[in-house]
Amino acid sequence: MAKTYAEINEKIRKGKAVVVTAEEIIDIVDQKGAKKAAEEVDVVTTGTFGPMCSSGAFLNIGHTKPRLKIQKAWLNEVMACCGLAAVDMYIGCTESPVEDPLNKVFPGNFSYGGGHVIHDLVAGKDIRLQAEAYGTDCYPRKKLDSWLNIKDLNEAFLFNPRNAYQNYNVAVNASNDRTIYTYLGVLRPNFGNANYCSAGQLSPLLNDPLFKTIGIGTRIFLGGGTGYVVWQGTQHNPEVPRSENGCVRMPGGTISVLGDLKQMKPEWLMGASFIGYGCTLIVGLGIPIPILNEEIVRYTAIRDEEIYAPIMDYSIAYPQREPKTLGEVNYKELKTGKITINGKTVPTGPLSSYPKARKVALALKERIQKGKFLLGEPVQLLPSVGSGYTFKGFVERPVNKVEQ
Amino acid sequence: MISRRLVLHFPLAIIDKPIICQMVKDYGITFNILKANIIPNKEGLLILEVSGKEKDVESALEYLNRLNVQIDPLAQDIKRNDEKCTHCGVCTVFCPTEALAIDRATMEVDYDAGKCIACEACVKVCPTQAIEVYF
Ligand code: SF4
Ligand code: SF4
């Protein structure tokens, strides 16, 4: 018995929808079977809470008097991207302040950056805005140095071109003498630790591996507010190797998401610093999966032990773009705190917070149960297997054929 | 007479050598072990209170220095800011004493200040700067 989005939304409006999290659905399907579970459950909520570097926010500050066409702008000394109309800008989360020593004294601390600016904005703190312009007849002003608060902005919306990676590499350091500092954290030599970054069985795109329900217009939990999937994310890659259950065995799909920053909460959108690497934004994101039929409920019942991630050496293979992996490991193994690589026991370190992912899924469940959150029916699903959509590396065509 | 509380990190290569014994014999100091820990394949860790004549304590520390033992004063107090901590867990692989450890049932990160030896290994790896050092 298949259900439609309209039928599920009608139940949500009446406060009668049966909503469970991606953890809870596992036992339900186990005990009742997929057929019965699909009849009884209307929505499964997912969640993730991890660093997502391809994140940032568009801001419109309103027009100054006299007018200014901003050419360059800094928010708490972090440069925003201003190649847009007069008072629009985009603040990217990995940007560092102009005077930051970066990695000059290695490894740099990166204690403040674009992600922290976004966090401070959301927390309602005043931000220092400095701007410069060359001046035109219609926009004569050339300089601005002012405090700025989110409540005074016209629009402030988070627009993250790539979030919620469907699965990710497990990072290790195979070198024997050098600690390395990566976006997956500090990695000690000789396989000293293995860091991973996915909510596994709770992770949004792992619960809809073939994008049967997620697409443009899917309404989501984003940074504590409401957001939308607006496109496939950059580097979306549905054609990667998959298990029989459809689950990707490598980083696969991604989503572009957008949402009103003014609704978001600082506990769900946090600035983060990765020593020796840079700064970023930790994003809390959850997607409701409508249980339209038995096939979909089966996907949502995926368990950690059925999700395999590739182990990748970040000392050589990753930076040199060598496709070689050091084997696979599943999330249940990762979550025990130890895995075995080439016979060696290696402690595992998670970067994505599982307790917070669970809270996202629970918060979304509660909003839906209370009738405060309706499902968005996608106008177009994300490219899936068979679409031919792939992720290519850069093909370099040197302009000057000089020896490097 | 002086007395100092110290954190000693022994490199893997010298873990099994009778260094402290030698130190006591050669420099005539007394010591009290506050905590000892050897983490297989990582390092050895000893928190000591050493007492003796100032000159002797200093010579003893120089001796340890020559053996590549890292010496830190145990003077800091490490606190976790619960508002900033996201319970990601990445600090736990760097904590030598399991003062920071994941409760595998909930995946939440517990901090046991009693086990902390103020090595500060967790401070810089925490993405949200949730570990605070007080002097
Ligand atoms: S690394 Fe920081 S945020 Fe993560 S669990 Fe440890 S203290 Fe908390
Ligand atoms: S300072 Fe941090 S890493 Fe070192 S023992 Fe204390 S909690 Fe563990």
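What you see is a predicted model; the values in this text were computed from it and never measured.

(A) Here's a closer look at the interface of chain A and chain B. Tallying the contact residues gives 31 residues for chain A and 22 residues for chain B. By the criterion of area lost to chain B, the three top residues of chain A are Arg188(A), Pro350(A) and Pro355(A), representing 25% of everything that side buries. Joining chain A to chain B, the criterion identifies zero salt bridges. Put simply, chain A and chain B have eight residue pairs in polar contact (both at pLDDT 80 or more) between them. Elements supplying a minimum of two residues to the side of chain A that touches chain B: β14 (194–196), β19 (269–274), β25 (344–350) and α6 (354–369) of chain A.

(B) Broad picture of the site of ligand 1. Every residue close to ligand 1 is listed here: Cys85(B), Thr86(B), His87(B), Cys88(B), Gly89(B), Val90(B), Cys91(B), Val109(B), Cys126(B), Pro127(B), Thr128(B) and Ile131(B). Among the residues forming the shell around ligand 1, the class breakdown is eight nonpolar, four polar and no charged.

(C) Here's a closer look at unusual backbone geometry. Look at the link from Lys65(A) to Pro66(A): it is a cis peptide, with omega at -5 degrees. Tracing the sequence through the fold places Pro66(A) in the loop between β4 (56–60) and β5 (72–75). The linkage connecting Phe106(A) with the following residue, Pro107(A), adopts the cis geometry, with an omega of -10 degrees. By secondary structure assignment, the location of Pro107(A) is in the loop between β7 (88–92) and α3 (114–122). At Asn76(A), a residue that is not glycine, the phi angle is positive and equals roughly 45 degrees. Its identity is not glycine, yet Ala118(B) carries a phi of approximately 55 degrees, on the positive side. Within the secondary structure layout, Ala118(B) lies in the loop between β7 (108–111) and α3 (121–125). The exposure class of Ala118(B) is buried, given its relative accessible area of 7%.

(D) Expanded view of the environment of Ala131(A). Residue and element names in this part refer to chain A. Among the secondary structure elements, Ala 131 is positioned in strand β8 (residues 127–132). Taking relative accessible area as the criterion, Ala 131 reaches 2% and is therefore assigned buried. Along the chain, Ala 131 and Lys 72 lie 59 residues apart, while their C-alpha atoms are 5.6 Å from each other. Ignoring sequence-local partners within four residues, the contact set of Ala 131 consists of Leu 68, Ile 70, Lys 72, Ala 73, Trp 74, Lys 142, Lys 143 and Leu 144.

(E) Up close: the domain arrangement of chain B. Residues and elements named next belong to chain B. For chain B, the assigned domains are domain 1 (2–75) and domain 2 (78–133). Centre-to-centre separation of domain 1 and domain 2, based on C-alpha positions: 25 Å. Opposite the ten residues of domain 1 that make contact, domain 2 presents eight residues. Taken as a group, Lys 35, Lys 42 and Leu 45 account for 45% of the area that domain 1 buries against domain 2, more than any other trio of residues on that side. Broken down by secondary-structure element, the contributors of at least two residues to the side of domain 1 that touches domain 2 are β1 (2–10), β2 (30–39) and β3 (43–52). Residues that form the side of domain 1 that touches domain 2 fall into these classes: five nonpolar, two polar and three charged.

(F) Structural context of the packing of aromatic side chains. Tallying each qualifying case throughout the model produces 14 aromatic pairs over all chains. Note on Phe49(A) and Trp268(A): the rings are 5.9 Å apart at their centroids and 80 degrees apart in plane angle, and the pair reads as edge-to-face. Of the two residues, Phe49(A) is situated in strand β3 (residues 48–51) and Trp268(A) in the loop between β18 (255–260) and β19; the sequence distance between them amounts to 219 residues. Of the residues examined, Phe49(A) reaches a relative accessible area of 1% and is grouped as buried. Ring centres 5.1 Å apart and planes at 65 degrees place the aromatic pair Tyr165(A) and Tyr168(A) in the edge-to-face group. Among the aromatic residues, ring-to-ring pairing joins Tyr165(A), Tyr168(A), Tyr183(A), Tyr277(A), Tyr314(A) and Tyr318(A) into one connected group. We note Lys356(A) situated over the ring of Trp268(A); from NZ or CZ to the ring centre the distance is 4.5 Å. Sitting over the face of the ring of Tyr134(B), Lys79(B) holds its NZ or CZ atom 4.7 Å from the ring centroid.

(G) A look at the sheet that holds β5(A). All names here are of chain A. Across the sheet, which stays open at both edges, the four strands sit in the order β6-β5-β8-β9 with antiparallel pairing between neighbours. Looking at strand neighbours, the two that pair on one side only are β6 (78–80) and β9 (143–148), the edges of this open sheet. On average, each strand axis in the sheet is tilted by 25 degrees relative to the strand beside it, whichever way the strands run. In this sheet, β9 lies alongside β8 in antiparallel orientation, the contact comprising six bridges. Counted as the bridge partner of Ile 127 is Leu 148 from β9. Strands in contact with α3 are β5, β6 and β8; relative to β8, the strand with the most contacts, it is inclined by about 120 degrees.

Rules and cut-offs
Residues numbered from 1 in each chain as written. Chains lettered and ligands numbered in written order. Predicted model: local features only at pLDDT ≥ 70, side-chain atom pairs only at ≥ 80, totals over all residues. Heavy atoms only, no water. Contact = heavy atoms within 4.5 Å. Buried area = accessible area lost by both parts, 1.4 Å probe. Salt bridge = Lys/Arg side-chain N within 4 Å of Asp/Glu carboxyl O. Polar contact = N/O pair within 3.5 Å; in protein donor to acceptor, adjacent residues only side chain to side chain. Helix = DSSP H or I, 4+ residues; strand = E, 2+ residues; numbered from the N terminus. Near = heavy atom within 4 Å. Nonpolar A, V, L, I, M, F, W, Y, C, P; charged D, E, K, R; others polar. Buried < 20%, exposed > 50% of the residue type's maximum accessible area, 1.4 Å probe, protein only. Domains from an automatic or database assignment. Phe/Tyr/Trp six-rings, centres within 6.5 Å; stacked < 30°, edge-to-face > 60°. Lys NZ or Arg CZ within 6 Å of the ring centre and 35° of its normal. Pairing = 2+ DSSP bridges. Axes fitted to C-alpha atoms, helices over the stretch in contact; angles between N-to-C directions.

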